[in-house]
Amino acid sequence: MTHKILVLPGDGIGPEIVAEAAKVLECLRQEHGLDVVLEYGLLGGCAVDELGEPYPEATRRQAREADAILLGAVGGPRWERIERPLRPERGLLAIRADLELFANLRPALLYPQLASASALKPEIVAGLDILIVRELNGDIYFGQPRGIRTLDSGEREGFNTMRYSEPEIERITRVAFEAARKRHRKLCSVDKANVLEASELWREVTGRVAGDYPDVELSHMYVDNAAMQLVRTPKQFDVIVTGNLFGDILSDCAAMLTGSIGMLPSASLDRQGKGLYEPIHGSAPDIAGKGLANPLATILSAAMLLRYSLNQPQLAGRIEDAVGRVLDQGLRTLDITTSGMTPVGTQAMGDAVVAALME
Ligand code: IPM
Ligand code: MG
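These numbers come from a predicted model, not from an experiment.

### Topic: the packing of aromatic side chains
Argument step 1. Tallied over the entire structure, the rule returns two aromatic pairs.
Argument step 2. A centroid spacing of 4.6 Å and a plane angle of 5 degrees characterise the contact between phenylalanine 177 and tyrosine 213, whose relative ring orientation is stacked. Placement of the pair is phenylalanine 177 in helix H6 (residues 166-181) and tyrosine 213 in the loop between helix H7 (197-209) and strand E9 (217-222), with a sequence separation of 36 residues. Each member of the pair, phenylalanine 177 as well as tyrosine 213, carries the same accessibility label: buried.
Argument step 3. The cationic tip of arginine 149 hangs over the ring face of phenylalanine 159; the distance from NZ or CZ to the ring centre is 3.8 Å.

Structure follows, in structure tokens:
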């Protein structure tokens, strides 16, 4: 059966990095029997420009029909001043909500070759392998009521609502426990239960679900402490499960432990394992169009796509090995260059991964 992959290059560096991941998929198709067709669509600022909204109906149809989606990045200064519902980021939030992609898996894995590119001492990060499971459909990102209103006093007030229902907490917690089972069987749930009722319920529900996973050790941590522990002794963590907002923040923090946010892929999955795969970094408008961006996070996102949505773990492993070999050869894009190394561009990096796949 031919798998349909919807490719959404997006904005900024999106098209450049996605082109390299597409090369990798094309190589697997030609050389290793991967049965896929790639279809292209619009999401984010480019969709606003062409069709007047960040998640247009045409993209919605394509997304529903696809077996998996590969996304570059959305957003940029060009669209910062347009009205809020038309902002590119809204397109991303809309596709996550529309397809019920509630489980966001963000691995933070340190390639040993990059230990010296981390902002932390090599001995603190060597061997780092954390998985952050971030809830993606709820929380203050989607909670109503929200808005900016004018009070009787004439002063304005911005407000948002943090909300989590029991079923929402339970389904993401189960995903995290299942993931922990396949790893080192340690799960840390991060919340702010000392202040927030939404977190109080979160802690109660995760604790209850733990009863079904006696083989996994569950701990709880407040988010402020978790941020500190991540940069103090990151290797204490195996799997972290948390809500949408805390997960957004902690995953950027964890990314930097690995040397560069340009290295980290992510998967956003629905109940059936259909998913949207994207690098966790943004559209980097400052370097867009210059051929400087690191395509490895997107290439590794394609590997996650093969593993989780297409059930092709061997081909996923091939991509990950190829990335490791390219790093062994000393190839580095600007973001992961350390002293004495000459950086290569986006295309050269993609070509090197393809060459390593053909070996
Ligand atoms: C992310 C991004 C998005 C988020 C933005 C672009 C809406 O930061 O995927 O982490 O906040 O979820
Ligand atoms: Mg983020």
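### A few points about the UniProt feature "binding site: substrate" (unreviewed entry) in the protein chain
Argument step 1. Per the UniProt annotation, the sites labelled "binding site: substrate" (unreviewed entry) are Arg96, Arg106, Arg134 and Asp224. Across 129 residues of sequence, these annotated residues are also dispersed in space, with a maximum C-alpha separation of 26.6 Å.
Argument step 2. Residue placement: arginine 106 occurs in strand E4 (residues 103-109).
Argument step 3. Relative to the elements of secondary structure, arginine 134 occurs in strand E5 (residues 129-135).

### Overview of the UniProt feature "domain: Isopropylmalate dehydrogenase-like" (unreviewed entry) in the protein chain
Argument step 1. Mapped onto this numbering, the UniProt entry gives "domain: Isopropylmalate dehydrogenase-like" (unreviewed entry) at residues 4-353.
Argument step 2. What you have in residues 4-353 is 40% helix and 19% strand, and the ends, taken at the C-alpha atoms, are 23 Å apart.

### As for the packing of helix H8 (residues 223-232) against helix H9 (residues 244-257)
Argument step 1. At a minimum axis distance of 10 Å, the contact between H8 and H9 shows a crossing angle of 10 degrees. Judged by the inter-axis angle, H8 sits roughly parallel to H9. For the pair H8 and H9, contact is made by Val223, Ala226, Ala227, Leu230 and Val231 and by Phe246, Leu250, Cys253, Ala254 and Leu257, respectively.
Argument step 2. Across the contact of H8 with H9, the residue classes tally to 10 nonpolar, no polar and no charged.

### Considering the side chain of aspartate 238
Argument step 1. Within the element layout of this structure, aspartate 238 appears in the loop between H8 and strand E10 (239-242).
Argument step 2. At a separation of 2.9 Å, a polar atom in the side chain of aspartate 238 contacts the main-chain amide nitrogen of histidine 184.
Argument step 3. Of note is the side chain of aspartate 238, whose polar atom sits 3.2 Å from the backbone nitrogen of lysine 186.
Argument step 4. Discounting residues that sit within four places of it in the chain, aspartate 238 has contacts with Asp129, Ile130, Leu131, Ala180, Arg183, His184, Arg185 and Lys186.

The rules behind each value
Residues numbered from 1 in each chain as written. Chains lettered and ligands numbered in written order. Predicted model: local features only at pLDDT ≥ 70, side-chain atom pairs only at ≥ 80, totals over all residues. Heavy atoms only, no water. Phe/Tyr/Trp six-rings, centres within 6.5 Å; stacked < 30°, edge-to-face > 60°. Helix = DSSP H or I, 4+ residues; strand = E, 2+ residues; numbered from the N terminus. Buried < 20%, exposed > 50% of the residue type's maximum accessible area, 1.4 Å probe, protein only. Lys NZ or Arg CZ within 6 Å of the ring centre and 35° of its normal. UniProt positions renumbered as here; feature names shortened; annotations may be inferred. Axes fitted to C-alpha atoms, helices over the stretch in contact; angles between N-to-C directions. Parallel < 35°, antiparallel > 145°, perpendicular 65-115°, else oblique. Contact = heavy atoms within 4.5 Å. Nonpolar A, V, L, I, M, F, W, Y, C, P; charged D, E, K, R; others polar. Polar contact = N/O pair within 3.5 Å; in protein donor to acceptor, adjacent residues only side chain to side chain.

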